[in-house]
Structures are given as structure tokens and as C-alpha cells.
Amino acid sequence: MKDFPIGEAARRSGVKVPTIRYYEQIGLLPPPVRTAGNRRLYDDESVRRLFFILHARQLGFEIESIRAMLGLQDNPDQSCAQVDAIASGRLAEIELRISRLTALKAELSTMLDQCRQGRIAQCRVIETLSTPPG
């Protein structure tokens, strides 16, 4: 196994150098081996962990959820029920957000459908946005 510097770890994982340092600082990534000149050296396992973090962040997982999943990943003989629960929680958040966005889309569509494209004084979009809900 060959170790490589932080720039190469960033290139291989798709995670920027400052972000790698941040993940080390908050404990998501173990401290790397250092050279006599104090340069960080990473291995393939570090890159795999960085990619895991990156992908989880892209899916919208919070840092603490990622920390929990990494902790579970570090103990591979246990049940994956906790990881399933974390992922199910994230899915529920996404479904709620989709529901809210769908409602927003419907409201905007209704406003635009009712707009006569006349003068601002008769603009349904302006009127709707100016009216308190309820």
C-alpha cells in the first residue's frame, strides 16, 4: 500500500483539501500518518472514507448522521439496523421536502394561471404574494 499527499487524496476522492482538513479536525477522518517533514500522508482506506463522506453529504446526510454511520462501518459484524434507521430518517426528510415543494409548485402554478398579464394593479402574482395566508 502506497501513501500519498493530501493533494492526491483530494484528487482521488473528489474532496477539496480544506474540507479534508476539516473532516480530520471534527473527527470524521482519522489523523493521517505524517512524514518527518510533517506532511500528511493518506492511503486508499482514507480515500474510500472521504468518498463515503462526500457521497453521504451529496445525499444530504448531516455530519452527525455520517459520524454515526462511519462508527457503525468501523464495526462490520453488527446489524445494519441502525444504518437503515438513519437512511430511513433521511428518506422521510426528503419525502416531506418533496411534499412541500409540490405544494409550492401548485401555488405558483395557480398564481400564474390566474395572471392576466395585464397591469401590475391587476397582477394576481403580486396580489397573492401580498395577501397573508389563511
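Residues numbered from 1 in each chain as written. Predicted model: local features only at pLDDT ≥ 70, side-chain atom pairs only at ≥ 80, totals over all residues. Heavy atoms only, no water.

**Observations regarding a nonpolar patch on the surface**
Together, Leu91, Ile94 and Ile98 make up a nonpolar patch on the protein surface, roughly 250 Å² of accessible area in all. Secondary-structure assignment places Ile94 in helix α5 (residues 81-114). (Patch = residues over 30% accessible without salt bridge, like charges linked within 9 Å, V, L, I, M, F, W, Y side chains within 5 Å. Areas by Shrake-Rupley, 256 points an atom, 1.4 Å probe, with all protein chains shown as cover. Salt bridge = Lys/Arg side-chain N within 4 Å of Asp/Glu carboxyl O. Helix = DSSP H or I, 4+ residues; strand = E, 2+ residues; numbered from the N terminus.)

**A few points about the side chain of Arg90**
Here Arg90 is to be found in helix α5. The class for Arg90 is buried, based on a relative accessible area of 18%. Those residues within four positions of Arg90 in sequence are excluded, and the remaining contacts are Leu59, Gly60 and Phe61. (Buried < 20%, exposed > 50% of the residue type's maximum accessible area, 1.4 Å probe, protein only. Contact = heavy atoms within 4.5 Å.)

**Some thoughts on the packing of helix α3 (residues 44-58) against helix α4 (residues 63-73)**
Relative orientation of the contacting elements α3 and α4 amounts to 140 degrees, with a least axis distance of 10 Å. If you check the angle between α3 and α4, you find them oblique. The two elements α3 and α4 meet at a crossing, and its hand is right-handed. Counted together, Arg48, Arg49, Phe52, Ile53, Ala56 and Arg57 of α3 and Ile63, Ile66, Met69, Leu70 and Gln73 of α4 form the full contact between these two elements. (Axes fitted to C-alpha atoms, helices over the stretch in contact; angles between N-to-C directions. Parallel < 35°, antiparallel > 145°, perpendicular 65-115°, else oblique. Left-handed = near helix turned anticlockwise from the far one by under 90°.)

So, to be careful, I would describe these as geometric facts and stop short of saying anything about function.
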